[in-house]
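# Observations on the model geometry
Chain by chain, the residues run as shown.
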Amino acid sequence: MSRALITGITGQDGSYLAELLLHRGYEVHGLIRRASTFNTQRLEHIYQDPHVEDTRLFLHYGDLADAGRLTNLVYEIQPDEIYNLGAQSHVRVSFDMPEYTGDVTGLGVARLLEAVRRSGIKTRYYQASSSELFGAAPPPQSESTPFMPQSPYAAAKLYAYWMTTNYRNAYNLFAVNGILFNHESPRRGETFVTRKITRAVARIRKGLQKKLYLGNLEARRDWGFAPEYVECMTLLLQHDTPEDVVIGTGESRSVREFVEESFSYAGLDWREHVEIDPRYFRPTEVDHLLADASKARRLLGWEPRVTFRELVRIMVDCDLAALGETPPGAGVHALRKKGFGWTANRITPG
Ligand code: NAP
Ligand code: G4F
């Protein structure tokens, strides 16, 4: 039985990845932060009581800021694969908390890589790198595009990227960067723009709120469906050689288009509800991210299956259902048709 360690297991990607690996028969270990409230909602449907025989999911308290704990865990668990998905992952928040973001999102990677090196175990390491690395570089962006980070988050991810390649070259670790463009789902954090929009659409339909306040509507992103992207993470670790690879759909849309598509799917006119609040503008913006994922196609045979329109519909359907509203249903239908049998395929988030 293969054994994986996932940092960031309580996040959007971590929860899907845990689900996928359990489905494939792995023993899965996850790093979770101690909090005064439960932070494991996204894992509830796969959680197993550790007292039950045959349990394959184990959660361990720890933090990317705590090198000693990381070293002990890596040594005790001896994972075959490590997926480092933990991060302060919000770009806007990184302008408010640049030092903390650098510590966790950047230095956390040095701590984990050192834990691997010192433990002496043979493992494969995946680093959650980001299209934010490209920042101001004109689209389309591929593995050979120069990095031009535009935020403390992106600067921290840049350090993480180079530490990963350095440990690969210096110590012959199987360590790879997945340079993932934006990927979304019903489990996306509520303050990222897509989920903020689809959640607001559902609440407006239900009569719980009237207005949605947003920042820059003109930014363009290459938005894909998160479960497909965690499939790619595993493909990268199973490849014969360690490769850094860009993953994205090759299609970019503006925030405005996401708004229009979401509201109109729910039968609403976005102009009656959306207002601009400059508080959501960023000191430096990333205007246009668009993936050239030809290396992923060539190397991994990976093609995105969920379209932009289906993604929006999946998210709106799930947010409506979570409020007890009957969704139009096209999104849930698409999700079932596209073969994500390994996910809970839930109509509600979680
Ligand atoms: P997310 O939902 O924000 O999850 C982040 C995870 O990191 C959570 O489990 C969080 O724990 C954990 N975490 C935060 N601070 C930590 C710390 N100090 N120590 C240990 N764990 C900590 O992010 P995501 O969307 O799943 O993204 C996963 C990774 O991919 C992140 O590294 C992100 O930067 C990167 N990425 C994401 C995208 C995207 O579009 N989603 C694209 C490219 C790269 P809590 O639940 O306790 O907060
Ligand atoms: O949804 P966002 O906050 O995602 P962003 O900044 O692209 O970062 C996400 O994707 C990265 C990959 O490229 C990840 F590495 C990172 O961890 C994260 O998952 O913002 C998307 C766009 C931005 O241009 C932002 O300015 O939407 C614009 N926007 C407009 N109004 C807004 C809002 N963003 C947020 N969060 N909230 C708004 O009200």
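### Observations concerning the pairing of strand β4 (residues 81-84)
Regular strands place their side chains on alternate faces of the sheet. Residues of β4 alternate between two faces, with Glu81 and Tyr83 on one and Ile82 and Asn84 on the opposite face, all of them buried. Across 4 bridges, the pairing between strand β1 (residues 3-7) and β4 is parallel. Note that in β4 the partner of Leu5 across the bridge is Ile82. Here β4 runs beside strand β5 (residues 124-130); their pairing, made up of 4 bridges, is parallel. Pairing of Asn84 across the sheet is with Gln127, part of β5.

### A closer look at the site of ligand 1
Around ligand 1, the structure places 25 residues, and the nearest of them are Thr10, Arg33, Asp63, Ser89 and Tyr153. Gly8 is positioned with one of its backbone polar atoms (N or O) 3.3 Å from an oxygen atom of ligand 1. Here a nitrogen atom of ligand 1 sits 2.9 Å away from a polar atom, N or O, in the main chain of Leu64. Contact with the protein chains hides 90% of the accessible area of ligand 1, taken as 900 Å² for the molecule alone. Those elements giving two or more residues to the shell around ligand 1 turn out to be α1 (12-23), α4 (98-119), β5 and α5 (152-171). Examining the composition of the shell around ligand 1, we find that 3 residues originate from one element, β5, more than from any other. In terms of residue class, the shell around ligand 1 is made up of 9 nonpolar, 11 polar and 5 charged.

### Some points on the site of ligand 2
Near ligand 2 there are 24 residues, and of these Ser130, Ser131, Tyr153, Arg282 and Glu285 occur at the shortest range. In this structure, a nitrogen atom belonging to ligand 2 sits 2.8 Å away from a main-chain N or O atom of Gly215. Relative to its unbound accessible surface of 710 Å², ligand 2 loses 95% to contact with the protein. Only α6 (193-206) and β8 (212-214) provide two or more residues apiece to the shell around ligand 2. Summarising the domain contributions, the shell around ligand 2 has at least three residues from each of domain 1 (3-183 + 224-247) and domain 2 (189-221 + 252-288 + 307-337).

### A closer look at the packing of aromatic side chains
Tallying each qualifying case throughout the model produces 13 aromatic pairs. For the pair Tyr16 and Trp342, a centre-to-centre distance of 6.4 Å together with 85 degrees between the ring planes defines the contact as edge-to-face. Note that Tyr16 is positioned in helix α1 and Trp342 in the segment after α11 (330-337), a separation of 326 residues in sequence. Like Trp342, Tyr16 is buried. Between Tyr229 and Trp302, the aromatic rings sit 5.5 Å apart at their centres with planes inclined by 75 degrees, giving edge-to-face as the arrangement. Of the two residues, Tyr229 is situated in helix α7 (residues 226-238) and Trp302 in the loop between α9 (294-300) and α10 (308-322); the sequence distance between them amounts to 73 residues.

### Brief notes about α1
Taking 1.5 Å of rise per residue, 12 residues should cover 16 Å, and α1 covers 17 Å from first to last C-alpha, within 8% of that figure. Those residues of α1 lying buried are Gln12, Asp13, Gly14, Ser15, Tyr16, Leu17, Ala18, Glu19, Leu20, Leu21 and Leu22.

### A word on the side chain of His90
Among the secondary structure elements, His90 is positioned in the loop between β4 and α3 (91-96). Sequence-distant contacts of His90, defined by excluding residues within four places in its chain, comprise Thr191, Phe192 and Arg282.

### Notes on the packing of helix α8 (residues 255-265) against α10
One can describe the packing of α8 onto α10 by two numbers: an axis separation of 10 Å at closest approach and a directional angle of 55 degrees. Relative to α10, the element α8 is oriented oblique. The handedness of the crossing between α8 and α10 is right-handed. Along the contact surface, α8 presents Glu257, Phe258, Glu261, Ser262 and Tyr265, while α10 presents Phe308, Arg309, Val312, Arg313, Met315, Val316 and Asp317. Residue classes in the contact of α8 with α10 are distributed as 6 nonpolar, 1 polar and 5 charged.

Reading guide: rules and limits
Residues numbered from 1 in each chain as written. Chains lettered and ligands numbered in written order. Predicted model: local features only at pLDDT ≥ 70, side-chain atom pairs only at ≥ 80, totals over all residues. Heavy atoms only, no water. Buried < 20%, exposed > 50% of the residue type's maximum accessible area, 1.4 Å probe, protein only. Helix = DSSP H or I, 4+ residues; strand = E, 2+ residues; numbered from the N terminus. Pairing = 2+ DSSP bridges. Near = heavy atom within 4 Å. Polar contact = N/O pair within 3.5 Å; in protein donor to acceptor, adjacent residues only side chain to side chain. Areas by Shrake-Rupley, 256 points an atom, 1.4 Å probe, with all protein chains shown as cover. Nonpolar A, V, L, I, M, F, W, Y, C, P; charged D, E, K, R; others polar. Domains from an automatic or database assignment. Phe/Tyr/Trp six-rings, centres within 6.5 Å; stacked < 30°, edge-to-face > 60°. Expected span 1.5 Å × (residues − 1). Contact = heavy atoms within 4.5 Å. Axes fitted to C-alpha atoms, helices over the stretch in contact; angles between N-to-C directions. Parallel < 35°, antiparallel > 145°, perpendicular 65-115°, else oblique. Left-handed = near helix turned anticlockwise from the far one by under 90°.

Function-wise, these values are silent; they only describe arrangement.
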